[in-house]
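Report on the structure
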Amino acid sequence: MIYPDGWDSDEVKRMCGQRTDKYTLGNCTVRWAYILAIISIMDSFILSFLAFSLGSRQDKLLPEDFEVEEKAE
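These lines cover the structure that appears in this document, whether it is placed above or below. The structure displayed is predicted, hence computed values, not measured ones.

**So, the overall build of the protein chain**
- Looking only at helices and strands, one finds two helices and zero strands in the protein chain.
- Computed over the C-alpha atoms, the radius of gyration of the protein chain is 25 Å, more than 25% above the 11 Å expected from 2.2 N^0.38 for a compact globule of 73 residues.
- Dimensions of the protein chain, computed from the C-alpha atoms along their principal axes, are close to 75 × 30 × 15 Å.
- Of all 73 residues assigned to the protein chain, the portion counted as buried reaches 8%.
- As displayed, the protein chain offers around 7,200 Å² of accessible surface, 60% of which is attributable to carbon and sulfur atoms.

Following this line, the structure appears as structure tokens:
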């Protein structure tokens, strides 16, 4: 796991306690960030799969004599 380089800054030490170091959080936690990141990744995979499957299914619904109109310049 990679932590940001700013955990040992003075501002973070003031909020999270003096035990905070570069790779230790002290009294702070990052609970919801991991849960939301995992949910967001799963959501993006599900939505991309739905977009691909529904997009390929739409081609089969078009009539056989359908032609794409070209833009007039």
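**Looking at the side chain of T20**
- Mapped onto the secondary structure, T20 falls in the loop between α1 (10–16) and α2 (31–61).
- At 3.4 Å, the side chain of T20 and the backbone oxygen of L25 are in polar contact.
- With near-sequence residues (within four places) excluded, T20 lies in contact with W7, V12, K13, L25 and G26.

**Some remarks on the state of the cysteines**
- Under the criterion given, the structure shown has one disulfide.
- Shown here is the disulfide that connects C16 with C28, its sulfur atoms set 1.6 Å apart. Between C16 and C28 the disulfide shows an S-S torsion of about -90 degrees. By sign, it is left-handed. Placement of C16 in helix α1 and of C28 in the loop between α1 and α2 is noted, with a sequence separation of twelve residues between them.
- A residue is classified by how much of its surface remains accessible, and C16, at 3% relative accessible area, is buried.
- With a relative accessible area of 25%, C28 lands in the partly exposed category.

Scoring rules and cut-offs
Residues numbered from 1 in each chain as written. Predicted model: local features only at pLDDT ≥ 70, side-chain atom pairs only at ≥ 80, totals over all residues. Heavy atoms only, no water. Helix = DSSP H or I, 4+ residues; strand = E, 2+ residues; numbered from the N terminus. Rg over C-alpha atoms; globule rule 2.2 N^0.38 Å. Buried < 20%, exposed > 50% of the residue type's maximum accessible area, 1.4 Å probe, protein only. Areas by Shrake-Rupley, 256 points an atom, 1.4 Å probe, with all protein chains shown as cover. Polar contact = N/O pair within 3.5 Å; in protein donor to acceptor, adjacent residues only side chain to side chain. Contact = heavy atoms within 4.5 Å. Disulfide = S-S within 2.5 Å.

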